[in-house]
Amino acid sequence: MIDKLLPRPIVVSEAFDDRPLSDMFPEERAAVARAVPARQREFGTVRACARAALAEFGIAPAPLLPGPDRAPRWPDGLVGAMTHCTGYRAAAVARTSDFASVGLDAEPHHPVRDAGVVDLVTLPEEREQLSRLRAAQPDVHWDRLIFSAKESVYKAWYPLTGRWLDFEEAHLTLDPTDATFTARLLVEGPVVDGVRISAFQGRWLVASGLVVTAITVPR
């Protein structure tokens, strides 16, 4: 799935079924001890995916714990991202010498039932775009796609800035001709290798009942 959207040398590992809780490190089990079992399983499985990807870089298995900001902490010299939704977990890892950041997200390919949620995560111009896309390609749930894309934007943004990015602080343009999107930042973007970023470029895929989106910020 997501490996189709990410270039080498990014390493991707994914799972469609959960691993047993016994596969988790004790520190990981402690981090989600108060969560419901389903949350514990997805937490453990996506970290198993991350460890499989890290093994490609010679990293020995170790706990992958969230930091104070709840973002995953990656080994020195590596950057990555995780995502999980019903029936799917994935992680992507790259060297910081190749990529400054990676953002990815997966969602069930269902419409967003609550119009209030769509209004919350989109700008007026984006909602106009969604109406046009729905009319042209009604088989794609564009509202779910733009939500996923904005999640990928945040996951790419946060490691570069350490700051929150609201949904309305990025304007997305979805291109159905080549399954890409552009996220134009409406706030000052981060500086990567001396260049200020004003937009992120991403790709998307709808398959197997899922919508997946991904962004890379190359060096």
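Residues numbered from 1 in each chain as written. Predicted model: local features only at pLDDT ≥ 70, side-chain atom pairs only at ≥ 80, totals over all residues. Heavy atoms only, no water.

1. Describing the overall build of the chain
Next, step 1: A count of helices and strands for the chain gives five helices and ten strands.
Next, step 2: Taken over the C-alpha trace, the chain has a radius of gyration of 17 Å; the compact-globule value for 219 residues is 17 Å, and the two agree within 12%.
Next, step 3: Its C-alpha atoms give the chain principal-axis dimensions of about 50 × 40 × 30 Å.
Next, step 4: Sorting the 219 residues of the chain into buried and exposed places 47% on the buried side.
Next, step 5: In the form shown here, the chain has an accessible surface area of approximately 10,700 Å², with 52% of it arising from carbon and sulfur atoms. (Helix = DSSP H or I, 4+ residues; strand = E, 2+ residues; numbered from the N terminus. Rg over C-alpha atoms; globule rule 2.2 N^0.38 Å. Buried < 20%, exposed > 50% of the residue type's maximum accessible area, 1.4 Å probe, protein only. Areas by Shrake-Rupley, 256 points an atom, 1.4 Å probe, with all protein chains shown as cover.)

2. Considerations on the packing of helix α4 (residues 124-136) against helix α5 (residues 142-161)
Next, step 1: Following both chains from N to C, one finds α4 and α5 inclined at 135°, their axes separated by 9 Å at the closest point. Here α4 is positioned oblique relative to α5, judged by the angle of their axes. Between α4, through Glu126, Leu130, Leu133 and Arg134, and α5, the contact on the second element is made entirely by Trp142, Asp143, Ile146 and Lys150. (Axes fitted to C-alpha atoms, helices over the stretch in contact; angles between N-to-C directions. Parallel < 35°, antiparallel > 145°, perpendicular 65-115°, else oblique. Contact = heavy atoms within 4.5 Å.)

3. Points about α5
Residue pairs spaced three or four apart in an α-helix point in one direction, given the helix's 3.6 residues per turn.
Next, step 1: Look at α5: 28 Å from first C-alpha to last across 20 residues, which is about the 28 Å you get at 1.5 Å a residue.
Next, step 2: The buried fraction of α5 is high, at 15 of 20 residues.
Next, step 3: Trailing α5 by a residue or two, glycine 162 shows a phi angle of about 70°, which is positive. (Expected span 1.5 Å × (residues − 1).)

4. Some thoughts on the sheet that holds strand β9 (residues 199-207)
Next, step 1: What the five strands build is an open sheet, ordered β4-β10-β9-β6-β5; its pairing is antiparallel. Where the open sheet ends on each side, the last strands, each with one partner, are β4 (99-108) and β5 (170-175). The sheet shows a mean angle of 20° between the axes of neighbouring strands, taken without regard to direction.
Next, step 2: Bridge analysis of β9 against strand β10 (residues 210-218) gives six bridges, and the strand direction is antiparallel. Among the inter-strand pairings, glycine 202 is bridged to a residue of β10, identified as isoleucine 215.
Next, step 3: Contacts from α5 reach β4, β5, β6 (180-185), β9 and β10 within the one sheet, and its direction differs from that of β4 by about 150°. (Pairing = 2+ DSSP bridges.)

5. Considerations on the pattern of salt bridges
Next, step 1: Across all of its chains, the model carries ten salt bridges by this definition.
Next, step 2: Note that aspartate 23 and arginine 19 form a salt bridge whose closest N and O atoms lie 2.9 Å from each other.
Next, step 3: On the basis of relative accessibility, which here comes to 42%, the residue arginine 19 falls in the partly exposed class.
Next, step 4: Residue arginine 51 is joined to glutamate 28 by a salt bridge in which the shortest nitrogen-to-oxygen separation is 2.7 Å. Linking arginine 51 in helix α2 (residues 37-55) with glutamate 28 in helix α1 (residues 26-31), this pair joins segments that are 23 residues apart in sequence.
Next, step 5: Each of Asp18, Arg39, Glu42 and Arg89 takes part in one network of salt bridges that share partners. (Salt bridge = Lys/Arg side-chain N within 4 Å of Asp/Glu carboxyl O.)

6. Some points on the packing of aromatic side chains
Next, step 1: A complete count under the given rule lists five aromatic pairs for this structure.
Next, step 2: A connected cluster of aromatic rings, assembled from ring pairs, spans Tyr154, Tyr158 and Trp164.
Next, step 3: Note that arginine 47 overlies the ring of phenylalanine 43, its terminal NZ or CZ placed 3.6 Å from the centroid. (Phe/Tyr/Trp six-rings, centres within 6.5 Å; stacked < 30°, edge-to-face > 60°. Lys NZ or Arg CZ within 6 Å of the ring centre and 35° of its normal.)

7. Observations regarding unusual backbone geometry
As a rule of thumb, non-glycine residues mostly have phi less than zero, and peptide bonds are mostly trans rather than cis.
Next, step 1: With an omega of 10°, the peptide bond running from arginine 8 to proline 9 counts as cis.
Next, step 2: Look at arginine 70: it is not a glycine, yet its phi comes out positive at around 75°.
Next, step 3: Tracing the sequence through the fold places arginine 70 in the loop between α2 and β2 (78-85).
Next, step 4: Take arginine 70: its relative accessible area is 54%, and that puts it in the exposed class.
Next, step 5: Residues other than glycine seldom take positive phi values, yet alanine 179 does so here, at roughly 55°.

Purely geometric stuff here, so don't read any function into it on its own.
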